[in-house]
Amino acid sequence: MAIQQISVFVENKQGKLVETVKTLADNDINIRAMSIADTKDFGILRMITSDNAKTKEVLSNDTVVNTTEVIAVKMADRPGALYKVIDILSKAGINIEYMYAFTASDALGAYVVFRVDDVPQAQELIDKNGLKSLNDEDVRSM
């Protein structure tokens, strides 16, 4: 049950990030999770949003926007929870390219978003090991 992540290439200049986030707010798009990494000239804003199609539509007018498949795995709030997932993926030879975390409501809990080199195999392992992951419908209904 992989989910879609939006990656936006934001020029690394004063005010560009606020413009991007304002565009989402003005279009009633909720950011469920996000991460930003910067380089000298650009930042890569990675987001899980309440409406990926609309996000892509409203942001692609003036910036580069890509969609990437990621897995959001539910984590228990205890030592070793992250290790368990990483160990499962590592033993199967799956490379983690990056990850970031977010929390939802108390009922939904906390999740770690993984970008891996083999999404179908990683998802199969997550399911096989009894771990919960989100799908796009789960994200929309949060």
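For the structure, see preceding data.
Conventions and cut-offs
Residues numbered from 1 in each chain as written. Predicted model: local features only at pLDDT ≥ 70, side-chain atom pairs only at ≥ 80, totals over all residues. Heavy atoms only, no water. Helix = DSSP H or I, 4+ residues; strand = E, 2+ residues; numbered from the N terminus. Rg over C-alpha atoms; globule rule 2.2 N^0.38 Å. Buried < 20%, exposed > 50% of the residue type's maximum accessible area, 1.4 Å probe, protein only. Contact = heavy atoms within 4.5 Å. Pairing = 2+ DSSP bridges. Salt bridge = Lys/Arg side-chain N within 4 Å of Asp/Glu carboxyl O. Arc of directions from axis to C-beta. Polar contact = N/O pair within 3.5 Å; in protein donor to acceptor, adjacent residues only side chain to side chain.

## Here we look at the overall build of the protein
For step 1, the next point in the chain: The helix and strand tally for the protein stands at five helices and six strands.
For step 2, the next point in the chain: Taken from N to C terminus, the helices and strands of the protein fall in the order β-α-β-β-α-β-α-β-β-α-α.
For step 3, the next point in the chain: For the protein, whose C-alpha radius of gyration is 16 Å, the value lies close to the compact-globule estimate of 14 Å for 142 residues.
For step 4, the next point in the chain: C-alpha extents for the protein along the principal axes are approximately 40 × 35 × 25 Å.
For step 5, the next point in the chain: Buried positions account for 38% of the 142 residues belonging to the protein.
For step 6, the next point in the chain: Counting contacts in the protein only where the partners sit at least 6 residues apart, residues at least 24 apart contribute 68% of the total.

## A short note on the pairing of strand 3 (residues 42-49)
For step 1, the next point in the chain: For strand 3, a buried count of six out of eight residues is recorded, marking the element as mostly surrounded by other parts of the structure.
For step 2, the next point in the chain: Summarising the sheet, strand 2 (residues 31-38) and strand 3 pair through seven bridges and their orientation is antiparallel. If you follow Met34 over to strand 3, its bridge partner there is Met47.
For step 3, the next point in the chain: Linking two consecutive strands that pair antiparallel, namely strand 2 and strand 3, is a turn of three residues.

## Focus on unusual backbone geometry
For step 1, the next point in the chain: Its identity as a non-glycine residue notwithstanding, Asp28 has a phi of 60 degrees, on the positive side.
For step 2, the next point in the chain: Counting through the fold element by element, Asp28 comes out in the loop between helix 1 (16-26) and strand 2.
For step 3, the next point in the chain: Overall, Asp28 belongs to the exposed group, its relative accessible area being 70%.

## Some thoughts on the pattern of salt bridges
For step 1, the next point in the chain: Per the stated rule, a full pass over the model turns up five salt bridges.
For step 2, the next point in the chain: In this structure, Glu19 and Lys16 form a salt bridge, with 3.9 Å as the shortest nitrogen-oxygen distance. Here the residue Glu19 and the residue Lys16 both occupy positions in helix 1, the gap between them amounting to three residues, near one helical turn.
For step 3, the next point in the chain: Across the pair Asp26 and Lys22 runs a salt bridge, and its minimum N-O distance is 2.7 Å. Linking Asp26 with Lys22, this pair stays in helix 1, spanning four residues, or about one helical turn.
For step 4, the next point in the chain: Relative accessible area serves as the criterion here: at 54%, Asp26 is assigned to the exposed category.

## Some remarks on helix 4 (residues 119-128)
For step 1, the next point in the chain: Those residues of helix 4 lying buried are Val119, Ala122, Gln123, Leu125 and Ile126. Seen from one end, helix 4 has its buried residues packed into an arc of 160 degrees, which puts them on one side. In helix 4, the exposed positions that point more than 90 degrees away from the buried face belong to Pro120, Glu124 and Lys128.
For step 2, the next point in the chain: Summarising the contacts, the buried residues of helix 4 are in contact with strand 4 (64-75), helix 3 (81-91) and strand 6 (110-116).
For step 3, the next point in the chain: A distance of 3.1 Å separates the backbone nitrogen of Gln121 from a side-chain oxygen at the start of helix 4, and that oxygen is part of Asp118.
For step 4, the next point in the chain: Immediately downstream of helix 4, the backbone of Gly130 shows phi near 70 degrees, a positive value.

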